[in-house]
Amino acid sequence: MLTHDAALEWIARWDRQQEGYLPDREERFTALIDAVEALNRPDPLVVDLGCGPGSLSARILERLPGATVVSVDADPLLLGLGRAAYPHLRFVALDLRTPGWTDALGLERPADAAVSTTALHWISGPELSKMYAELATVLRPGGLLLNGDHLETDDATPVIARLERAVHDRETERRFAGERPEDWRQWWEAVAADPAFADLHAARTTAGAGHHGSESPLLSEHVGALRDAGFAEVGTLWQRGHNRILCAVRA
């Protein structure tokens, strides 16, 4: 059985391996939550898309205790980990690629913001457009999408795109001095070897959860899909190298 303390330890390990890919991950979290706070609501309703084990959701509630956060993911193991670690959060199991996914959110009013970190690039272009269009139906006018991810610009500005990756790579080297944390594959192998995850790992296998490459890595793909979905303004709110927060404002 996965205990609360063990779940917190595994999420700390998850956060560490994620930092190996995102040395300024906490800075991105801070900027993203700053934007939610700038909506000037004491009780913002926030949907966390592709929440994983709830790292961002938990940080939102730490900063904004009056918020309501609905945390969404399709991976049974990561959801189980989050539920064990953060019983005060509301986790919803659903696939953002499945039409009608917003019906399962159970929102009592339109959301003030939808947030995501390092998740939406796993969705292919056509599915991404449909997902953003459906998301727009549950955001209030003026509500925000805040998507933190590595989003590339090779199709528009290839020289700048290479420089963005170089900035990221040099920051990674400075932060870790050549001693990178365990990677994604190693973390998942360690989880699979822990008997406490046996049931959750079996559920994950049955559900066919997992990622198989970046499906929508280009910034232009996300910008175009958001504009097609009716978002009035779309732009980069924060950036370090090719790590950025893409912000879109609901019309």
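Everything quoted here is computed from the prediction, not taken from an experiment.

Caption draft 1: Broad picture of the sheet that holds strand β4 (residues 111-117). Judged by pairing direction, the sheet is mixed, and its seven strands sit side by side in the order β3-β2-β1-β4-β5-β7-β6 without closing on themselves. The two strands at the open ends of the sheet, each matched to only one other strand, are β3 (90-93) and β6 (231-240). Direction aside, neighbouring strands of the sheet carry axes that sit 20 degrees apart on average. Here strand β5 (residues 139-150) runs beside strand β7 (residues 243-250); their pairing, made up of seven bridges, is antiparallel. By the bridge assignment for β7, L146 is matched with C247. Contacting β5, β6 and β7, helix α6 (residues 158-176) crosses the sheet at an angle of about 40 degrees to β6.

Caption draft 2: View of the side chain of R59. Relative to the helices and strands, R59 is located in helix α3 (residues 55-63). Those residues in contact with R59 that sit more than four places away from it in its chain are D15, E26, F29 and I33.

Caption draft 3: Fine view of the pattern of salt bridges. A full pass over the atoms with the stated rule returns 21 salt bridges. One salt bridge connects E171 with R240, and the closest N-O pair in it is separated by 2.9 Å. Of this pair, E171 sits in helix α6 while R240 sits in strand β6, placing them 69 residues apart in sequence. When salt bridges with common partners are traced through the structure, they connect E27, E171, R174, R175 and R240 into a single cluster.

Caption draft 4: Seen up close, the packing of aromatic side chains. Tallying each qualifying case throughout the model produces seven aromatic pairs. Measuring from centroid to centroid gives 6.5 Å for W14 and W188, while their planes differ by 90 degrees, and the two rings are edge-to-face. Of the two residues, W14 is situated in helix α1 (residues 4-21) and W188 in helix α7 (residues 184-193); the sequence distance between them amounts to 174 residues. Of the two residues examined, W14 and W188, each falls in the buried class. An aromatic cluster is present here, built from W10, W14, W184, W187, W188 and F197 joined pairwise through their rings. Across the ring face of W188, the terminal group of R204 is positioned such that the distance to the ring centre comes to 3.7 Å.

Caption draft 5: Structural context of the UniProt feature "domain: Methyltransferase" (unreviewed entry) in the chain. Following the UniProt record, the feature "domain: Methyltransferase" (unreviewed entry) maps to residues 46-143 here. The distance from the first to the last C-alpha atom of residues 46-143 is 10 Å, and the span holds 32% helix and 27% strand.

Caption draft 6: Expanded view of the pairing of strand β1 (residues 45-49). Burial runs high along β1: five of the five residues are buried. Alternating residues of β1 divide into L45, V47 and L49 and V46 and D48, and every residue in both groups is buried. Direction of pairing for β1 relative to strand β2 (residues 68-73): parallel, over a ladder of five bridges. Bridge pairing in β2 places V47 opposite V70.

Caption draft 7: Region of interest: the side chain of S57. Along the chain, the position of S57 falls in helix α3. Not counting residues up to four positions away in its chain, the partners in contact with S57 are D48, C51, V69, S71 and L89.

Caption draft 8: Highlighting the environment of W187. Inspection of the secondary structure assignment puts W187 in helix α7. By relative accessible area, W187 is classed as buried at 0%. W187 sits 49 residues away from T236 along the chain, and the two C-alpha atoms are 31 Å apart. Ignoring sequence-local partners within four residues, the contact set of W187 consists of W10, R13, W14, Q17, L77, L78, L81 and E182.

What counts, and where the lines are drawn
Residues numbered from 1 in each chain as written. Predicted model: local features only at pLDDT ≥ 70, side-chain atom pairs only at ≥ 80, totals over all residues. Heavy atoms only, no water. Pairing = 2+ DSSP bridges. Helix = DSSP H or I, 4+ residues; strand = E, 2+ residues; numbered from the N terminus. Axes fitted to C-alpha atoms, helices over the stretch in contact; angles between N-to-C directions. Contact = heavy atoms within 4.5 Å. Salt bridge = Lys/Arg side-chain N within 4 Å of Asp/Glu carboxyl O. Phe/Tyr/Trp six-rings, centres within 6.5 Å; stacked < 30°, edge-to-face > 60°. Buried < 20%, exposed > 50% of the residue type's maximum accessible area, 1.4 Å probe, protein only. Lys NZ or Arg CZ within 6 Å of the ring centre and 35° of its normal. UniProt positions renumbered as here; feature names shortened; annotations may be inferred.

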